[in-house]
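# Summary of structural features
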Amino acid sequence: RILYLEFEDQGLLQIGLLLTGFVALGFGLQALYLWMTRSTRDWLVALPLDSVGDRLRAVLVRLGYGIGILLSFALGSVGAFLVFSWPPLVRDILLGYLMAFLLIRLTMVLSRFLLAPGGERFRILPMSTPAAWFWFRRVTLLVAWFVLWYVTLDLLRILGLTKPAAQVLAYIAGLGLLAIGLEMIWRRPLAAGPGGATPARGGRDWFVSAYFGLLWLSWVASSLNLFWFLVVVVGLPFAIGITQRAVNHLLRPHGAEALSGTIPSLTAICLERGLRAAWIIAAVLLLSHVWGVHWGDLTAQDTIETRLLRGLISAVVIVLVADLIWNLARASIDGKLQEAIA
């Protein structure tokens, strides 16, 4: 009834056509951007990657190029939509799904930037080309499923959907996310072992599957504190490990792929330790937000709990700074000793 009253002047089919038109306009402006920057793309493809400086320059150029693609799509779709005035419900529907498409495009841009499935020489995360295509498609599918369901459920609540019905649909969406996650784990390409043999699936796959199931159960039980704690406990070491592999792959000296025990550069140490500190700080901020810890209370109050939290935070900061200084000093000393030996 709400939709009928809202769309008396504009039918539902017309709303769908408008949404399709704005998305097409976004892709059209993106195609124009790609055509205008084709010389930059050709220059980037021919760019040598023999030194660390060349690799860093390629990363910055590719990042800027990807941001330009995203901005052109956003300007053509969301920007064109905001020029006009719309009835409130029509505005919510169109803007919600346009933002969903924009988030999907952002995921695709970031995935192409990190995985470079079509260009191995620009790949930041080291993996095979089939694996890069696999993770690019699965991550895009995962984000698309989540954002489209999120926008749809939010609009259904606006239309008066009851809370139990909304929970049922949310559980269905969650089962879809769980199914995608399990499929990603059990069908992901495995790196070939010694002699080119493909390793068998092992206990790690069962552990990750059980972890995903536990995440879904904690979410269904509305235990969000446990849910986010599990996300941080497992996700933080994983993110730090991926970051370390990416930094080593990006800043590794050219031709040193087969060498072991290579002394890391000071740039690599600063970047790796800086990103590690950023991940840890982000995890602390996320948990403090979920658990309702306000940073102003830590400085204003003087209870046993706030003292312990302040001490823990100070200890984490001291350990991160000491770790950075120690690794910088060790790399500098090892470099001097290697020069002296040579």
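Conventions and cut-offs
Sequence order as written defines residue numbering, which begins from 1 separately in each chain. Note on the predicted model: pLDDT of at least 70 is required for a residue's local features to be given, and 80 or more for side-chain atom pairs to be given and counted; whole-chain, interface and lining totals, by contrast, use all residues. By convention in this description, side-chain values take in all heavy atoms of the structure and omit both hydrogens and water. Should a side-chain nitrogen of Lys or Arg be within 4 Å of a carboxyl oxygen of Asp or Glu, the pair is scored as a salt bridge. Secondary structure elements follow DSSP: runs of H or I no shorter than four residues count as helices, runs of E no shorter than two count as strands, and numbering proceeds from the N terminus. The nonpolar core is taken to be a set of buried Ala, Val, Leu, Ile, Met, Phe, Trp, Tyr and Cys residues, with the residues joined through side-chain atoms within 4.5 Å. With a 1.4 Å probe rolled over the protein chains alone, any residue whose accessible area is under 20% of its type maximum counts as buried; one over 50% counts as exposed, and the rest are partly exposed. Every residue pair with non-hydrogen atoms within 4.5 Å of one another is taken to be in contact. Fitting a line to C-alpha atoms yields each axis, with helices limited to the stretch in contact; the angle taken between N-to-C directions then spans 0 to 180 degrees. An angle counts as roughly parallel when it lies under 35 degrees, as roughly antiparallel when it exceeds 145, as roughly perpendicular when it falls between 65 and 115, and as oblique in every other case.

### Let's talk about the pattern of salt bridges
A complete count under the given rule lists three salt bridges for this structure. The closest approach of N and O atoms between E183 and R187, which form a salt bridge, is 3.5 Å. Within this pair, E183 and its partner R187 are both found in helix α7 (residues 163-187), separated by four residues, close to a single helical turn. A salt bridge links R188 to D205; its shortest N-O distance comes to 2.4 Å.

### A word on the nonpolar core
Within the largest apolar cluster, 28 residues are counted, with the highest numbers of intra-cluster contacts made by L94 and L98. The residues touching L94, leaving out its near neighbours within four places in the chain, are I15, L18, L19, F81 and W86.

### Let's talk about the packing of α7 against helix α8 (residues 203-220)
Relative orientation of the contacting elements α7 and α8 amounts to 170°, with a least axis distance of 10 Å. The pairing of α7 with α8 is recorded here as roughly antiparallel in orientation. When α7 is examined against α8, the residues A170, Y171, G174, L175, L178, G181, L182, I185 and W186 are found in contact with a partner set consisting of D205, W206, V208, S209, F212, G213, W216, W219 and V220.

### Digging into the environment of R276
Within the secondary structure layout, R276 lies in helix α10 (residues 266-290). In this structure the C-alpha to C-alpha distance between R276 and G241, which are 35 residues apart in sequence, comes to 9.1 Å. Beyond its immediate sequence surroundings of up to four residues, R276 is in contact with I240, Q244 and D323.

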